[in-house]
Structures are given as C-alpha cells and as structure tokens.
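As a plain string of letters, each chain reads:
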2 protein chains.
Amino acid sequence: MTPEALTPERILEATEEVLRRHGPAKATVVDVARVLGVSHGSVYRHFRTKAALREAVTERWLGRTEAALAKITADAGEPAPTKLEHWLTELFEAKRHKAGDDPELFATYTVLLGESSGVVERHLTELVGQVRQIIEQGSRDGVFTVGDPEAAAQAVFSATARFHDPGYAPDWRRPTIEAEFSAVSGLLMRGLRAP
Amino acid sequence: MTPEALTPERILEATEEVLRRHGPAKATVVDVARVLGVSHGSVYRHFRTKAALREAVTERWLGRTEAALAKITADAGEPAPTKLEHWLTELFEAKRHKAGDDPELFATYTVLLGESSGVVERHLTELVGQVRQIIEQGSRDGVFTVGDPEAAAQAVFSATARFHDPGYAPDWRRPTIEAEFSAVSGLLMRGLRAP
C-alpha cells in the first residue's frame, strides 16, 4: 500500500482484524503494519502510540452503535414512548449481536474497554444524552411527566443495565431474556408516563 | 473443644474467620479444625467435603441479608409502596456495608459465589419471591396495578441490579450513587402505581 492510500480508517480496519486474530494480549503495531503492507512507522504517523491506536479502534467499535441509535433519536416522526422502547430494543440487539456473532472480538473489546475508561465514559455519556433527548421530546409533547430529564435518563439507562452492560453478556442467551427485557422496559415506560 | 460442643454454626464461624485470614485460595479444612482445636475428621463429620463447607458458609452469609429483608416483607403494618422502597434501600445498604466494611471478606465471598451457582440461584429466587409478596400485597390493597406479579418482581429486581449486584460494588462509593438509587427506585414505584 502506498503511504497516500493509508487512511486512519484503513489502519483501524486492519487493527480490528489483527485483534480478532491474535487477541488483545498479543496484537502489535508491527502486525497491523504487516497486514497493510507498510512500515510500522507509517502506522505511527497516524496513531502516535499503541495505546492511542487501541483507544481509537475501541471508539470506532462503540461509535457504530452510537450512530445507529442517534438515527432513532433524531427521527422527528416517532412519538417519544415508542421511540424510547425502540431505542432500548436496538441497544440490546446491537450488544447482543456483537456478543453472539463474534464472541472472540467481543471478548477482545471487553478487555480494551477495561483499558480505556475515558472512552467508555464518553460512550455512556453519549448514550444517556440520547435517552435524555427522547425524554425531553416526550415531556414537550406532554406524554412523559418527568421533573429532571437528566436524572430520568440515567435512571432508565441504569435500570436496563442487564440488557446492555457487557458483564451480563452470558445472560443474553437465556430463553427468558426477551420476556425479562419487555417487563423492565414496560415498567419504565409506565413510570415515565405516570400522571 | 469437645466433640459435643462442635456445632455446625461454630464450624461456619471458624470457616469465615479462616477465609478472612487466608483468602479463598489458601483456606483449608485443616485450618478450620486448628482454629476450633479439633481434628479435621470432626469437621468432616458435619460437612462431608470442603466444597460442602464452602457452600454452607456462603449460604449463611447470604442468609443474613435474606432474614433482615424477610422481616420487612412480613411487616403487616407497612403499606406496599413504602415497604418496597424500604426493602430495596435495605438490600442496597446491606450489600454496600458488606462491600465497604470488610472488603477482603466481600472479595472472598465474591469468589465463593462464583463456585456455588446453586446457592446464588436459590438466594436470588428467595429475594425475588419477597419482592413478589410485597407487590401482591400492593395489588390486593389496590395501590399497585400489576398484571403479572412474578414478572414485575423480576423486573424490579433486575432494574435495581446496579444497587445490589456485587459486580457493581466499585460504583457504590460514588458520591452520586444515592441520588441514582432514588431516581431508579422512584421511577419503578411510579411504574407499579400507574393506573
């Protein structure tokens, strides 16, 4: 690959590939450079340290979920209560697919999440912010009665942890998990709508 | 100690002491016998294997919280909504104290919980059963409107996981945790009371 063709996105794709193949303990910048057919110096021109590269690939992984959820959040046509249920379902689905379809990569990212507390913090702030926007929409439209939208958003996010926190990933294969999700999300919706 | 004085309860007390001192990896039945001044054969007469002893001490540890909560559950004088908030607060307090007051012992029991999935399962069933009783009381009294009390009890328990699942113990020292607990429990109460 010529240096001109070497974009950050190409490097991050290759990094994910290397992480999937070697695991987080063994993956090196030299492996990434080899996959791309460039020197490791070329990689370091885009990401100054190995830690920066790992953080960027983790951010990209989390960013995909954020982007899919942001689309739901921004949809002006959907009323807040169905939108919030839709949003929570989508978050659960996204996490569950990541965990189920590619368990090695999921385990790898779980290790990386432990390394990059700043990235995780930013991700959680972004997601709670989206929930807050939906709750604010519902308050404006008079379907939600919520005194403090930020506190309510954090409460909804925390109350659904079982369905998005990677620590609960083993539970996501249980046959009863869908019914449990519906019961929790239904109860929260009733709480937000209460007079 | 004479063999007559050696009760299961004395053995479990000594086991907890040994676990606290040596940690779960190093604690042995011989250590327990030494603390009690008896032969290890005497201990095995009450608990047939080391695994059975570890399970029993874990059950006893969890049982203390169950007993304190059962008292709240059984109190005929308290209306269901305040009782449920009281119950959830007490559960959070109990777990938080166990984690904060004696972190080594808490870490030890967290390891033991991982070994005894049957004991944990039974503990969770007991706690969800208590929540169900409170919800049923509230339904009878017309203050809760809940179609399926078992599903609602599981939903309440799962939605408050952040405040009782030992995996979240590091979060329990955050200054905002009390406000977060109030927001979640308030939202759930509103959901249960909704018309």
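Residues numbered from 1 in each chain as written. Chains lettered and ligands numbered in written order. Predicted model: local features only at pLDDT ≥ 70, side-chain atom pairs only at ≥ 80, totals over all residues. Heavy atoms only, no water.

### Some thoughts on the domain arrangement of chain A
All names here are of chain A. Annotation of chain A at the domain level lists domain 1 (3-46) and domain 2 (55-193). Here domain 1 and domain 2 have C-alpha centroids that lie 30 Å from each other. Contacts between domain 1 and domain 2 engage nine residues on the former and 11 residues on the latter. Between domain 1 and domain 2, roughly 870 Å² of surface is buried when both sides are summed, and carbon and sulfur atoms account for 63% of that area. (Domains from an automatic or database assignment. Contact = heavy atoms within 4.5 Å. Buried area = accessible area lost by both parts, 1.4 Å probe.)

### A look at the UniProt feature "domain: HTH tetR-type" (unreviewed entry) in chain A
UniProt annotation of "domain: HTH tetR-type" (unreviewed entry) refers to residues 5-65 of chain A when read in the numbering used here. For the annotated span residues 5-65 of chain A, helix accounts for 75% and strand for 0% of the residues, and the straight-line distance between the end C-alpha atoms is 27 Å. (UniProt positions renumbered as here; feature names shortened; annotations may be inferred. Helix = DSSP H or I, 4+ residues; strand = E, 2+ residues; numbered from the N terminus.)

### Overview of the UniProt feature "DNA-binding region" (unreviewed entry) in chain A
Here, the residues flagged by UniProt with the feature "DNA-binding region" (unreviewed entry) are residues 28-47 of chain A. In this annotation, residues 28-47 of chain A is assigned 75% helix and 0% strand; the end-to-end C-alpha distance for the span is 13 Å.

### Observations concerning the interface of chain B and chain A
Contacts between the two partners involve 22 residues from chain B, matched on the other side by 22 residues from chain A. Summing both partners gives a buried area of about 1,700 Å² for chain B against chain A, and 59% of it is carried by carbon and sulfur. Of all residues in chain B, Tyr168(B), Leu187(B) and Arg190(B) give up the largest surface area on contact with chain A, accounting jointly for 31% of the area buried on that side. In this structure, the connection of chain B to chain A is made through six residue pairs in polar contact (both at pLDDT 80 or more). Of all elements in the fold, only helix 8 (149-159) and helix 9 (177-193) of chain B reach the threshold of two or more residues within the side of chain B that touches chain A. In terms of residue count, the dominant contributor to the side of chain B that touches chain A is helix 9 of chain B (eight residues). In terms of residue class, the side of chain B that touches chain A is made up of 14 nonpolar, four polar and four charged. (Polar contact = N/O pair within 3.5 Å; in protein donor to acceptor, adjacent residues only side chain to side chain. Nonpolar A, V, L, I, M, F, W, Y, C, P; charged D, E, K, R; others polar.)

### A closer look at the layout of surface pockets
Residues and elements named next belong to chain A. Of the pockets and cavities examined, the second largest pocket occupies roughly 220 Å³. If you go around the second largest pocket, the residues you meet are Glu-93, Arg-96, His-97, Ala-99, Gly-100, Pro-103, Phe-106, Ala-169, Pro-170, Trp-172 and Arg-173. Mapped onto the lining of the second largest pocket, the elements with two or more residues apiece are helix 5 (80-101) and helix 6 (103-115). Top element by residues in the lining of the second largest pocket is helix 5. It accounts for five residues. Looking at the lining of the second largest pocket, its residues break down into six nonpolar, two polar and three charged. (1 Å grid on protein atoms, 1.4 Å probe; cavity = no way out; pocket = protein on both sides within 12 Å on 5 of 7 lines; lining within 4 Å. Points joined across faces, edges and corners; volume = space filled by probe spheres on them.)

### Considerations on the packing of helix 8 of chain B against helix 9 of chain B
Residues and elements named next belong to chain B. The geometry of helix 8 relative to helix 9 is characterised by a closest axis approach of 10 Å and an angle of 165 degrees between their N-to-C directions. As the angle between them shows, helix 8 and helix 9 are arranged roughly antiparallel. For the element pair helix 8 and helix 9, the recorded crossing hand is right-handed. Contact residues: helix 8 offers Ala-152, Val-156 and Ala-159, while helix 9 offers Val-184, Leu-188 and Leu-192. Looking at the contact of helix 8 with helix 9 residue by residue, the classes come out as six nonpolar, no polar and no charged. (Axes fitted to C-alpha atoms, helices over the stretch in contact; angles between N-to-C directions. Parallel < 35°, antiparallel > 145°, perpendicular 65-115°, else oblique. Left-handed = near helix turned anticlockwise from the far one by under 90°.)

### Quick notes on the nonpolar core
Generally speaking, soluble globular proteins have nonpolar side chains that are buried together. Counting 118 residues, the largest nonpolar core has Trp87(A), Ile135(A), Trp87(B) and Ile135(B) as the members making the most contacts within it. In contact with Trp87(B), not counting residues within four places along its chain, are Leu69(B), Ile72(B), Thr73(B), Leu127(B), Gln130(B), Val131(B), Ile134(B) and Phe157(B). (Core = buried A, V, L, I, M, F, W, Y, C linked by side-chain atoms within 4.5 Å. Buried < 20%, exposed > 50% of the residue type's maximum accessible area, 1.4 Å probe, protein only.)

### What about the confidence of the model for chain A?
For chain A, the average pLDDT comes to 93, and 99% of its residues sit at 70 or higher. Here helix 6 of chain A stands out as the element of chain A with the lowest mean pLDDT, 86, in contrast to helix 8 (residues 149-159) of chain A, whose mean of 97 is the highest. (pLDDT = per-residue confidence, 0-100.)

### Thoughts on the packing of aromatic side chains
Two descriptors summarise a pair of aromatic rings, namely the distance from one centre to the other and the angle between the planes of the rings. One pass over the full model with this rule turns up 15 aromatic pairs over all chains. For the ring pair Tyr168(A) and Tyr168(B), a centre distance of 6.1 Å and an interplane angle of 40 degrees mean the geometry is tilted. Residue Tyr168(A) is found in the loop between helix 8 and helix 9 (177-193), and its partner Tyr168(B) is found in the loop between helix 8 and helix 9; the two belong to separate chains. In this pair, the class of Tyr168(A) matches that of Tyr168(B), namely buried. (Phe/Tyr/Trp six-rings, centres within 6.5 Å; stacked < 30°, edge-to-face > 60°.)

### Section: the pattern of salt bridges
Side chains that differ in sign of charge can pair as their charged atoms come close. Scanning all chains against the criterion turns up 38 salt bridges over all chains. We note a salt bridge from Arg122(B) to Glu66(B), for which the minimum N-O separation is 3.7 Å. Linking Arg122(B) in helix 7 (residues 117-140) with Glu66(B) in helix 4 (residues 50-74), this pair joins segments that are 56 residues apart in sequence. Residues Glu136(B) and Arg132(B) are paired through a salt bridge, measuring 2.8 Å at the closest nitrogen-oxygen approach. One end of the pair is Glu136(B) and the other is Arg132(B), both in helix 7 and four residues apart, which spans about a single turn. Accessibility expressed as a relative area gives 24% for Glu136(B), which makes it partly exposed. Overall, Arg132(B) belongs to the partly exposed group, its relative accessible area being 29%. Sharing partners across several salt bridges, the network here consists of Glu9(A), Glu16(A), Glu17(A), Arg20(A), Arg21(A), Arg60(A), Arg64(A) and Asp102(A). (Salt bridge = Lys/Arg side-chain N within 4 Å of Asp/Glu carboxyl O.)

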